[in-house]
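Observations on chain architecture
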Amino acid sequence: MITCSNLICGCIATGAAFHANYVTAFLFIVLGAVFDFFDGLAARSLGVSGKMGVELDSLADCVTFGVAPSAMIFTLFTKVCYPEVMYDKFFFTYMPFTAFLMSAFSALRLAKFNIDERQHLGFIGMPTPANAIFWAALISSSRDFLCSPHFNAPFLLAFVVLSCWLLVCEVPMFALKFKNLSWADNKIKFIFLAACVVILGSCAVMGGLEGTMWQTISKGLAACIGLYVITNLLALYLPSEG
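Counting of residues starts from 1 at the beginning of each chain's written sequence and follows it residue by residue. Local features in this predicted model are restricted to residues of pLDDT 70 or higher, and side-chain atom pairs are both shown and tallied only at a pLDDT of 80 or more, whereas totals for entire chains, interfaces and linings draw on every residue. Excluded from the side-chain calculation are hydrogens and water; included are all heavy atoms of the structure.

1. Examining the packing of helix 2 (residues 22–46) against helix 6 (residues 128–141)
Note the cut-off: Think of each axis as a best-fit line through the C-alpha atoms, taken over the contacting stretch in the case of a helix, with angles from 0 to 180 degrees between the N-to-C directions. Numbering goes from the N terminus for both helices and strands, where a helix is a DSSP run of H or I of at least four residues and a strand is a run of E of at least two. Roughly parallel means an angle under 35 degrees; roughly antiparallel, over 145; roughly perpendicular, 65 to 115; everything else is oblique. Left-handed describes a crossing whose near helix is turned anticlockwise from the far helix by less than a right angle; the clockwise case is right-handed. The criterion used for residue contact is that any of the two residues' heavy atoms lie within 4.5 Å.
Across the interface, helix 2 lies against helix 6 with an axial gap of 9 Å and an inter-helix angle of 160°. Classified by the angle between their axes, helix 2 and helix 6 sit roughly antiparallel to one another. Here the hand of the crossing between helix 2 and helix 6 comes out left-handed. Where helix 2 abuts helix 6, its residues Y22, V23, F26, I29, A33 and D36 lie against P129, A132, I133, A136, A137, I139 and S140.

Okay, structure coming up:
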């Protein structure tokens, strides 16, 4: 029931996205993520976890965290600026469909997660909920900028391709799971969470002062997910102490 609620949230978010109702789409993607978090806990608590639950969870996630954000990007492609060299009916008609590359790569990510024994305590590649929430938060809060001359369709396509790579790349990414609360074992997680508190707290204060609480906090949430990716990339490529 909880997993199917996630799926229904994804369907509603997709419908809202196709009507350019980005705030509604964002809210239902986040609500889907809440259901996605609790379905596993509920299954383990009730002792009813099994293979069908795993498969159903992946199918629901594919819609909520793959198709729904792709639909938001599809609609955005119809509204962003196009450079003069692409100012042609061909690009206006067909380029929006490149948004659904992210749906395909989200499905690949979920299938890989189901069979990858390395991902019990962490992730290899960006989790689909984080990717979906990043896009939903960014589009719902920054539509004016994304549709301004400062941004354009090639930039949007480049970011879609980057997201597709992050979903299936061989970059280890930490999960916010704690076997213990020692600083030595969880240093990166504690630093990341502290930074998120600072970012979201600052956004809440700024949003309250400017009367743009919703947009500012959404931008802060997107920034936190961006920080998550950067933190993991730095942890992989920078030499460790000793």
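2. Section: the nonpolar core
Quick note on the threshold: Grouping buried Ala, Val, Leu, Ile, Met, Phe, Trp, Tyr and Cys residues that are joined through side-chain atoms within 4.5 Å yields what is termed a nonpolar core. Burial classes: relative accessible area under 20% of the type maximum marks a residue as buried, over 50% as exposed, and values in between as partly exposed (1.4 Å probe, protein chains only).
Counting 50 residues, the largest nonpolar core has I29, M72, I73, F77, I139 and L156 as its most contacted members. Put simply, the parts of the chain that give this core at least two residues each are helix 1 (2–18), helix 2, helix 3 (51–77), helix 6, helix 8 (153–168), strand 2 (172–174), helix 9 (183–210) and helix 10 (213–237). Per-element accounting of this core gives the leading share, 8 residues, to helix 3. Filtering out sequence-adjacent residues up to four positions away, M72 remains in contact with A17, Y22, A25, I29, A136 and I139.

3. A word on the pattern of salt bridges
The cut-off we apply is this: What makes a salt bridge here is a side-chain nitrogen of Lys or Arg within 4 Å of a carboxyl oxygen of Asp or Glu, nothing more.
For the structure on display, the rule yields 1 salt bridge. One salt bridge connects E170 with K112, and the closest N-O pair in it is separated by 2.7 Å. In this pair, E170 sits in the loop between helix 8 and strand 2 while K112 sits in helix 5 (residues 101–115), placing the two residues 58 residues apart along the sequence. Assessed through its relative accessible area of 48%, E170 is described here as partly exposed.

4. Regarding unusual backbone geometry
Not every positive phi belongs to a glycine, and A20 is a case in point at roughly 60°. By the element assignment, A20 lies in the loop between helix 1 and helix 2.

5. A word on a nonpolar patch on the surface
As a reminder of what qualifies: Candidates for patches are residues over 30% relative accessible area with no salt bridge; among them, like charges are joined within 9 Å and nonpolar side chains (Val, Leu, Ile, Met, Phe, Trp, Tyr) within 5 Å. Where accessible areas are quoted, they stem from the Shrake-Rupley method and a 1.4 Å probe; at the residue level, only the protein chains shown are allowed to cover.
Taken together, L31, V34, F37, F38 and L41 make up a surface patch of nonpolar side chains, about 440 Å² in accessible area. Structurally, V34 is set in helix 2.

6. A short note on helix 3
Cut-off, in case you're wondering: Multiplying 1.5 Å by the helix residue count minus one yields the expected span of that helix. A residue's bend is simply the angle between two axes: one fitted to the seven residues ending at it, one to the seven starting at it.
Taking 1.5 Å of rise per residue, the 27 residues of helix 3 would be expected to cover 39 Å, and the 38 Å separating its terminal C-alpha atoms lies within 8% of that figure. Along helix 3, the sharpest kink reaches roughly 25°, centred on C62.

7. Observations concerning the packing of helix 6 against helix 8
Viewed as axis vectors pointing N to C, helix 6 and helix 8 meet at an angle of 165°, and their least axial separation amounts to 10 Å. Relative to helix 8, helix 6 is oriented roughly antiparallel. Judged by the twist between their axes, the crossing of helix 6 over helix 8 is right-handed. Here T128, N131 and W135 of helix 6 lie close against helix 8, whose contacting residues are L156, F159, V160, S163 and L167.

8. A closer look at the state of the cysteines
Under the convention used in this document: The disulfide criterion is simple: two cysteine sulfur atoms within 2.5 Å.
One pass over the full model with this rule turns up 0 disulfides. You can see C169 has no disulfide; the closest cysteine sulfur is in C164, sitting 12 Å from it. What makes C169 buried here is its relative accessible area of 4%. Note on C224: no disulfide assigned, nearest cysteine sulfur contributed by C196 at a separation of 3.6 Å.

9. Structural notes on the side chain of S58
With respect to the helices and strands, the residue S58 is situated in helix 3. The exposure class assigned to S58 is buried, which follows from its relative accessible area of 11%. With residues up to four places along the chain from it excluded, the contact list for S58 reads L110 and N114.

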